Amino acid sequence: MNAISKVRIPVAPSATTDFGIEGMTCASCVARVEKAIEAVPGVTSATVNLATERATVTFNEAVPMETVVQAIEMAGYEPRIETLQFGIEGMTCASCVNRVEKAIKAVPGVRDVSVNLATEKATVRAVVGTPASALEDAVRNAGYDVRRIAAEVTNDSHGDRRDREINRLRMSLAVSAVLTFPLFVLEMGSHLSASIHDWIMANVGMDNNLVIQFVLATLVLFGPGLRFFKKGVPNLLRWTPDMNSLVVLGTSSAWGYSVVATFFSGILPLGTANVYYEAAAVIVTLILLGRYLEARAKGKTSQAIKHLIGLQPKTAHVKRDGNFVEIQISDVILGDIVQIRPGAKIPVDGHVVDGESYVDESMITGEPVPVIKSAGADVVGGTINKSGAFTFEATKIGSDTLLAQIIKMVEAAQGAKLPIQALVDRVTSWFVPAVIAAATLTFAAWLLLGPSPALTFALINSVAVLIIACPCAMGLATPTSIMVGTGRAAELGILFRKGEALQTLRDADVIALDKTGTLTKGKPELTDFVVSEGFDRRDILRLVASLESQSEHPIADAIVAAAKREGFSLADVSEFQAAPGYGVSGQINGRTVIVGADRSMTKADVDVSTFSRQAAILGDEGKSPFYAAIDGKLAAIIAVSDPVKDTTPQVIAALHALGLKVAMVTGDNARTANAIAHQVGIDEVVAEVLPNGKVDAVKRLREGGRKVAFVGDGINDAPALSEADIGIAVGTGTDIAIESADVVLMSGDLTGVVTAISISKATIRNIRQNLFWAFAYNISLVPVAAGILYPINGTLLSPILAAGAMGLSSVFVLTNALRLRRFKTS
């Protein structure tokens, strides 16, 4: 067992630790878990709460975390997992990412870890109770700085740290460049110009020239270049080399050889006492330039998060002691009455208590048209009031606000690893050792087989191999594109709750749309009410409306609204029952009333054949027919029409243009469903689906190996959203915590489906471009640096050019990812 894995729970006498436990269903489960934990040596007692699903464990000595976790698992239950975030400082390439992940995974209690080079964050899924200090120690032991990240909603400390790093790099680059320039002139000027060579020989002298070059190169390497040694040398000693290690090996080889040539030239073979001080210094300067440009580009990839953070104002006008005073937003409490003036930003979430105004919610929902807000309406923090004024009561503050949830969701998606990243992870785990091996082989091959002076050729080419290899580009290829893509999506009102959905959505074959509220407005209107012979229309409408007043279904609202428009007063209902997918029933003034679909009438032995012709006509018109029965006799056929959203036809056409099939899932009968499908251009229809049958509908659409994206409201459609390969929830602009969805459309506009798919395709295309560049760069240029072209045309790659190419490769990947910021909806 290594040092990291020997993590023990620090205890004092009778110290306690809480563990979350999943899978318990009864008191027997509680007893089983308690017995299993109490059997662990060092545990005094274990108290398990079924309601909270937590175990409070008391220890009398230090106990390894993993021992308790294993006891819970051996009992047949799963320890609850929590997500922790840490900022990791000092990572420079994909090898660093791999090393940090390995270190954190070795900590007992850790179930999964994802380290993102672009955001410099580690997202750790660990058993509840895992000491954060153990995770931090693991990262520090791996050679990196770490900090625990709390909820950063109203500040941008990560951005501040990024700015400080950029400033440090700018300063290091400036110092390095100032020192390198005269060094470059002293060495290369002599080769490029005879007059410069003569001047140096006459005024400086060869020996002094070499000493000056030594001093300048030493100042560069161990001044601005010291950052590479601080990280690279310890990693070499741990046998876990990284990008810094390659720079250290390359520059110190050139510098060390030059020192020997300067002060101990007698020990070198004749004709090989050459110096490469300028190569070592220029390599450091160029790599610092690359790091500086990379840091600036990295900062731009997180602009979407910065924009979201910047939406929240710093202060709020709150009513205190009868007067409105300006206070810091952190001092706002639930129930505060907040005053909003014309043009002001709304500080927190709440509902309007007085006044009226239009509010611009485009920064949250992506919808450009301002929304009217009056008493009772909900308002969202970060949105902008237009010309009116109003007051509202604060209902959500701090990390509970919609804006905070959006930021948290976007950050979670940005930290995800896509399946496409798996290849990169496999490659980067051995990439740097392979480069060192290639450099060693290059040195040996040139020393044994190369022309005279063989030692010089061996040194230059092996240094070029070390310097040109760039695992940074491979490590940045995927996460930077994800950051920019998900950030841009959030600006357009699309939230990827799970980063993996970026890739899976691109691969969807069928888009399955729930009809009510998704394809349609979700506000049905009563269009037909035809009674059977012997029944009075007014009497039946009153009975039906009275019964439907007990239901929450949108169709019920349509019938009740129609009855009220005709001036009916509703009767009392008893023994009310609702059967999802069938209908409702109850007793009104001693009469048994049933309202529902034809299947509910069949279930009640009521014959509906007398209305078969009317039902066919209504279905062909795209209306939803259903029936009413009084005391077992068919009383009426009723039809409602739910108008199709204005944007639905163009959305269907856009999905077809993307090469996708579109299916509609509905509880309507087949005739009605097919009429609506024909009206808007839908390819497949799954009709007469009961609410609990949508999962089976998704499975049916998946037949033939097709991948299905299901679009629903996220509440009634939760099982289908979970079953589908990708669940897309059409939100309302205020509810985004839809656990079953992979993607949430903030505005509720179906055009967001097209935008989500388009940005998914654009992001994956961008990632593929980055990966192609990163792999093609290394595969093609490492052999060139080794001198593979020399036997053919005499071409050799200077270490200086190698340093420039290496620095620019990462900048290319970042710049390409930033193109996603310009993504526009068609």
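Residues numbered from 1 in each chain as written. Predicted model: local features only at pLDDT ≥ 70, side-chain atom pairs only at ≥ 80, totals over all residues. Heavy atoms only, no water.

Attention now moves to the overall build of the chain. Along its length, the chain carries 29 helices and 31 strands. Each principal axis of the C-alpha distribution contributes one length, and for the chain these read about 125 × 65 × 65 Å. The contacts of the chain with a sequence gap of at least 6 include a subset with a gap of at least 24, amounting to 69%. Split by element, the accessible area of the chain, about 35,300 Å² in all, is 55% carbon and sulfur. Charge centroids of the chain, computed over 74 positive and 81 negative side chains, lie 5 Å from each other. (Helix = DSSP H or I, 4+ residues; strand = E, 2+ residues; numbered from the N terminus. Contact = heavy atoms within 4.5 Å. Areas by Shrake-Rupley, 256 points an atom, 1.4 Å probe, with all protein chains shown as cover. Lys, Arg positive; Asp, Glu negative; His and termini not counted. Charge placed at Lys NZ, Arg CZ, Asp CG, Glu CD.)

With that settled, consider the sheet that holds strand β25 (residues 624-630). In space, the 6 strands of this open sheet follow the order β21-β26-β25-β24-β23-β22, with antiparallel pairing throughout. Two strands close off the open sheet at either side, each with one partner strand: β21 (525-531) and β22 (574-579). Taken pair by pair, the neighbouring strands of this sheet meet at an average axis angle of 15°, ignoring direction. Where strand β24 (residues 591-596) meets β25, 4 bridges bridge the pair, whose relative direction is antiparallel. Residue pairing for β25: Val 595 is matched across the bridge by Ala 628. Across the sheet, helix α22 (residues 612-620) touches β21, β25 and β26 (633-641), and the angle it forms with β26 is around 10°. (Pairing = 2+ DSSP bridges. Axes fitted to C-alpha atoms, helices over the stretch in contact; angles between N-to-C directions.)

Of all residues in the chain, 90% have pLDDT values of 70 or greater, and the mean over the chain is 83. When the criterion is pLDDT under 50, residues 1-13 qualifies, and its contacts beyond four places in sequence or with other chains add up to 29 contacts. (pLDDT = per-residue confidence, 0-100.)

A few words now on helix α20 (residues 554-565). Taking 1.5 Å of rise per residue, 12 residues should cover 16 Å, and α20 covers 17 Å from first to last C-alpha, within 8% of that figure. Listed as buried for α20 are Ala 556, Ala 558, Ile 559, Val 560, Ala 562 and Ala 563. Just past α20, the residue Gly 567 takes up positive phi, approximately 85°. (Expected span 1.5 Å × (residues − 1). Buried < 20%, exposed > 50% of the residue type's maximum accessible area, 1.4 Å probe, protein only.)

Phe 496 and Ile 511 are the most contacted members of the largest nonpolar core, which has 146 residues in total. Looking at this core, the element that brings in the most residues is helix α27 (residues 751-786), giving 15 residues. Sequence-distant contacts of Phe 496, defined by excluding residues within four places in its chain, comprise Met 409, Ala 413, Thr 486, Ala 489, Ala 501, Leu 502, Leu 505, Asp 742, Val 743, Ala 756 and Ile 759. One finds Met 363, Ile 407, Val 708 and Leu 721 within the second-largest nonpolar core, a separate group that totals 32 residues. (Core = buried A, V, L, I, M, F, W, Y, C linked by side-chain atoms within 4.5 Å.)

With that settled, the discussion passes to the environment of Asn 778. Take Asn 778: it is sitting in helix α27. For Asn 778, a relative accessible area of 5% puts it in the buried group. For the pair formed by Asn 778 and Thr 44, sequence separation is 734 residues and the distance between their alpha carbons is 57 Å. Non-local contacts of Asn 778, meaning those with residues more than four positions away in its chain, are made with Phe 431, Ile 468, Ala 469, Cys 470, Met 474 and Pro 783.

Sheet strands associate in pairs through backbone hydrogen bonding, adopting either a parallel or an antiparallel arrangement. Reading across from one edge, β19-β31-β30-β29-β20-β27-β28 is the order of the 7 strands in this open sheet, with mixed pairing throughout. Strands at the two margins of the open sheet, each flanked by one partner only, are β19 (494-496) and β28 (684-686). The average angle at which neighbouring strand axes cross in this sheet is 20°, direction not considered. Pairing between strand β29 (residues 708-712) and strand β30 (residues 726-730): 4 bridges, direction parallel. By the bridge assignment, Gly 712 is partnered in β30 with Ala 729.

Right, let's talk about a nonpolar patch on the surface for a bit. A cluster of nonpolar residues, Val 211, Val 215, Leu 219, Phe 263, Phe 264 and Ile 267, forms a patch on the protein surface that exposes about 560 Å² of accessible area. It is helix α7 (residues 206-222) that contributes the most residues to the nonpolar patch, 3 residues altogether. Here Phe 263 is to be found in helix α9 (residues 243-263). (Patch = residues over 30% accessible without salt bridge, like charges linked within 9 Å, V, L, I, M, F, W, Y side chains within 5 Å. Salt bridge = Lys/Arg side-chain N within 4 Å of Asp/Glu carboxyl O.)

This part covers a positive patch on the surface. Taken together, the side chains of Arg 765, Arg 819, Arg 821, Arg 822 and Lys 824 make up a positively charged region of the molecular surface. Examined against the element boundaries, Arg 822 turns out to sit in the segment after α29 (799-818).

Further remarks concern the packing of helix α19 (residues 537-548) against α20. Put simply, α19 and α20 touch, their axes get as near as 9 Å, and they point 135° apart. Classed by the angle they form, the pair α19 and α20 counts as oblique. For the crossing formed where α19 meets α20, the hand is left-handed. Across the interface between the two elements, Leu 541, Val 544, Ala 545 and Glu 548 from α19 touch Ala 556, Ile 559, Val 560 and Ala 563 from α20. The residue makeup of the contact of α19 with α20, split by class, is 7 nonpolar, no polar and 1 charged. (Parallel < 35°, antiparallel > 145°, perpendicular 65-115°, else oblique. Left-handed = near helix turned anticlockwise from the far one by under 90°. Nonpolar A, V, L, I, M, F, W, Y, C, P; charged D, E, K, R; others polar.)

Each aromatic ring pair is specified by the distance between its two centres and by the angle formed by the two planes. Per the counting criterion, the structure on display carries 12 aromatic pairs. A centroid spacing of 6.0 Å and a plane angle of 45° characterise the contact between Tyr 257 and Tyr 276, whose relative ring orientation is tilted. Separated by 19 residues along the polypeptide, Tyr 257 in helix α9 and Tyr 276 in the loop between α9 and α10 (277-301) bring together distant segments of the chain. We classify Tyr 276 as buried; its relative accessible area is 12%. Measuring from ring centre to ring centre gives 6.4 Å for Phe 390 and Phe 392, while their planes differ by 50°; the resulting arrangement is tilted. Here the two residues Phe 390 and Phe 392 agree in accessibility, since each one is buried. Each member of the aromatic cluster is reached from another via a ring pair, and the members are Phe 214, Phe 222, Phe 229, Trp 255, Phe 263 and Tyr 277. In this arrangement the basic side chain of Lys 603 is found over the ring face of Tyr 582, its NZ or CZ atom lying 5.0 Å from the centre. (Phe/Tyr/Trp six-rings, centres within 6.5 Å; stacked < 30°, edge-to-face > 60°. Lys NZ or Arg CZ within 6 Å of the ring centre and 35° of its normal.)

Within the secondary structure layout, Thr 180 lies in helix α5 (residues 157-192). With relative accessibility at 6%, the residue Thr 180 sits in the buried group. Sequence-distant contacts of Thr 180, defined by excluding residues within four places in its chain, comprise Val 220, Ala 281, Val 282 and Thr 285.

Following Ser 452, the chain continues to Pro 453 via a peptide bond in cis, the omega torsion being -5°. A positive phi angle is found at Glu 575, which is not glycine, with a value near 55°. Here Glu 575 lies in strand β22. The backbone phi angle of Asn 589 is positive, close to 55°, even though this residue is not glycine. What makes Asn 589 exposed here is its relative accessible area of 62%.

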